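Residue-level structure breakdown
The chain contents come next:
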Amino acid sequence: MSIVVDRIRKTYGAQVALDDVTFTVNSGEIVGFIGPNGAGKSTMMKIICALLFPDSGSVRVNGCDSATGSLKIKKKLGYLPENNPLYTDMYVEEYLRHVAAIYLPGRTQGNRVREIMGITGLFPEKNKKIGALSKGYRQRVGLAQAIIHEPEVLILDEPTSGLDPNQIIDIRNLISDLGNEKTVILSTHIMQEVEAICKRVIIINKGKIIANDLAENIGSYGISSSHTIVVEFSQDPDHKMFDNIRGVEQVKNLKPGTWLIQTSGDTDIRAGLFNLAVKHELVILSLHRKERKLEDVFRELTLSNDTSIN
Ligand code: ADP
Ligand code: MG
């Protein structure tokens, strides 16, 4: 079940929230949709869910256009809104039966509600009021309502925001499991989450898509293509020694024996460094190249991209 977003523009009065947004999510992908606050993530997600209409552009979910087939799209989609609004005075099972009655009229809802409580781990809490649940369990209720009608696409708006580290991992695992058989778009501020579960990463800033690639390729985005090497010697070398290695841009002594070396472009200086150490009769105790993390790329792209439309 694919999602094709084509040249979406959305304004709120004078405020441009989305500006010419185009991307495709392929069937079965888990996509991380990331961007700073106010970038337009929630607006885009609501438009995909046909809950909000764009000024121009189109969204097609499995070929179905949201402008003409919004009900059809809603049946195929599960949506967990930001801040997960729930009826806090309802009991867990009661609430899920209520949702099932809306989404699955005429079906034996009890079975599906039991099934869904099993999938989301809600059985132990089923007789509690939603308002009395921990935030992690409330997110499970949110996910349960989103998947009750067995949608093929899941749109999850910051599903792990505000959870403690254990709850984050529980919910992340649940999303990862659900992602085995669904197409998922997930917005989050947690970069490790994207690295852990997303196949593709889309970065949005000030209403524009600024990166869209497979997670494994995203490290090469951004303005700086430099790499960082941290090397630990048994004794400090004369720092002039580094001048003889091609590609070295900057050298910094972190602590006795340990040096941080910034290199330009794709030059890998590790072999050169090793040879030079041998020549100078120095022992290398450790040597590692720091990979550029999604977090570095995110900061670089979103802080440098100054095409403000706000
Ligand atoms: P994100 O989810 O990435 O934080 P949003 O989609 O919520 O971003 O918001 C994008 C921009 O649109 C922001 O500048 C926000 O203030 C504005 N915005 C969002 N919803 C509304 C609304 N209902 N009315 C007016 N402005 C809005
Ligand atoms: Mg948002």
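Nothing here was measured: the structure is a model prediction, and the numbers come from that model.

Some details on the packing of aromatic side chains
In this description, a pair of aromatic rings is defined by centroid distance and the angle of the planes. Under the defined criterion, the tally for this structure stands at four aromatic pairs. Geometrically, the ring pair formed by phenylalanine 23 and phenylalanine 33 is tilted, given 5.7 Å between the ring centres and 40° between the ring planes. Here phenylalanine 33 lies in strand β3 (residues 30-34) and phenylalanine 23 lies in strand β2 (residues 15-25), a separation of 10 residues in the sequence. Judged by relative accessible area, phenylalanine 33 falls into the buried class, the value being 1%.

Describing the coordination of the magnesium ion (ligand 2)
Taken together, Ser42 (OG) and Glu82 (OE) make up the protein donors of the magnesium ion (ligand 2), found 2.0 to 2.6 Å from the metal. Linking serine 42 in helix α1 (residues 41-48) with glutamate 82 in the loop between β6 (77-80) and α3 (92-103), this pair joins segments that are 40 residues apart in sequence.

Here we look at the packing of α3 against helix α4 (residues 109-120)
Direction vectors running N to C along α3 and α4 enclose 125°, while the axes themselves pass 9 Å from each other. By the criterion of interaxial angle, the relationship of α3 to α4 is oblique. Crossing geometry of α3 relative to α4 is assigned as right-handed. Counted together, Glu93, Leu96, Arg97, Ala100 and Ala101 of α3 and Gln109, Gly110, Val113, Arg114, Ile116 and Met117 of α4 form the full contact between these two elements. Its residues placed into classes, the contact of α3 with α4 shows six nonpolar, two polar and three charged.

Examining the site of ligand 1
For ligand 1, the full set of nearby residues is Tyr12, Gln15, Ala17, Pro36, Asn37, Gly38, Ala39, Gly40, Lys41, Ser42 and Thr43. Here glutamine 15 contributes a side-chain N or O atom positioned 3.2 Å from an oxygen atom of ligand 1. A distance of 2.8 Å is found between an oxygen atom of ligand 1 and a side-chain nitrogen or oxygen belonging to serine 42. Out of a free accessible area of 560 Å², ligand 1 has 63% covered by protein chains. Looking at the shell around ligand 1, the elements that each hand over two or more residues are β2 and α1. Top element by residues in the shell around ligand 1 is α1. It accounts for three residues. For the shell around ligand 1, the residue count by class is four nonpolar, six polar and one charged.

Section: the pairing of strand β8 (residues 183-187)
Among the five residues in β8, five count as buried, and that is most of the element. Burial along β8 is two-sided: the face carrying Thr183, Ile185 and Ser187 and the face carrying Val184 and Leu186 are both buried. Pairing between β3 and β8: four bridges, direction parallel. Across the sheet, phenylalanine 33 pairs through a bridge with serine 187, a residue of β8. Read from strand β7 (residues 153-157) through helix α6 (residues 165-179) to β8, the crossover connection turns out right-handed.

Digging into the pairing of strand β10 (residues 208-214)
Bridging between strand β9 (residues 200-205) and β10 involves six bridges; their strand directions are antiparallel. Residue isoleucine 204 lies in a different strand from β10, and its bridge partner there is isoleucine 209. Counting the residues that bridge the hairpin from β9 to β10 gives two residues, and of these lysine 206 lies at a positive phi of roughly 50°.

Structural notes on the sheet that holds strand β13 (residues 258-263)
Spatially, β12-β13-β11-β14 is the arrangement adopted by the four strands of the open sheet, whose pairing is antiparallel. The open sheet has two free edges, formed respectively by β12 (248-255) and β14 (284-290), since each of these has just one partner strand. With direction set aside, neighbouring strand axes in the sheet form an average angle of 20°. Two strands pair when backbone bridges link them, and strand β11 (residues 227-233) and β14 are joined in this way by six bridges, in the antiparallel orientation. Along β14, the bridge assignment pairs isoleucine 229 with arginine 289. Of the strands in this sheet, β11, β13 and β14 touch helix α8 (residues 270-279), which is tilted by about 165° from β14.

Digging into α3
Look at α3: 17 Å from first C-alpha to last across 12 residues, which is about the 16 Å you get at 1.5 Å a residue. For α3, the complete set of buried residues consists of Val92, Glu93, Tyr95, Leu96, Val99 and Ala100. Each buried residue of α3 lies within a common arc of 160° when the element is viewed along its axis, so the set occupies one face. Buried residues in α3 make contact with α4 and α5 (135-147).

Points about the sheet that holds strand β4 (residues 56-61)
Spatially, the four strands line up as an open sheet ordered β2-β1-β4-β5, and their pairing is antiparallel. Looking at which strands have only one partner, the edges of the open sheet turn out to be β2 and β5 (64-65).

Details of α5
Helix length check: α5 (13 residues) gives 19 Å between terminal C-alpha atoms against 18 Å at 1.5 Å per residue, within 8%. Within α5, 10 of the 13 residues are buried, which leaves the element mostly enclosed by the surrounding structure. Within α5, the full set of buried residues consists of Gly136, Gln139, Arg140, Val141, Gly142, Leu143, Ala144, Gln145, Ala146 and Ile147. The inward-facing, buried residues of α5 contact β6, α3, α4, β7 and α6.

The rules behind each value
Residues numbered from 1 in each chain as written. Chains lettered and ligands numbered in written order. Predicted model: local features only at pLDDT ≥ 70, side-chain atom pairs only at ≥ 80, totals over all residues. Heavy atoms only, no water. Phe/Tyr/Trp six-rings, centres within 6.5 Å; stacked < 30°, edge-to-face > 60°. Helix = DSSP H or I, 4+ residues; strand = E, 2+ residues; numbered from the N terminus. Buried < 20%, exposed > 50% of the residue type's maximum accessible area, 1.4 Å probe, protein only. Donors = N, O, S within 2.8 Å, 3.2 Å for Na, K, Ca; no water. Axes fitted to C-alpha atoms, helices over the stretch in contact; angles between N-to-C directions. Parallel < 35°, antiparallel > 145°, perpendicular 65-115°, else oblique. Left-handed = near helix turned anticlockwise from the far one by under 90°. Contact = heavy atoms within 4.5 Å. Nonpolar A, V, L, I, M, F, W, Y, C, P; charged D, E, K, R; others polar. Near = heavy atom within 4 Å. Polar contact = N/O pair within 3.5 Å; in protein donor to acceptor, adjacent residues only side chain to side chain. Areas by Shrake-Rupley, 256 points an atom, 1.4 Å probe, with all protein chains shown as cover. Pairing = 2+ DSSP bridges. Right-handed = clockwise from strand over helix to strand, strands pointing away. Expected span 1.5 Å × (residues − 1). Arc of directions from axis to C-beta.

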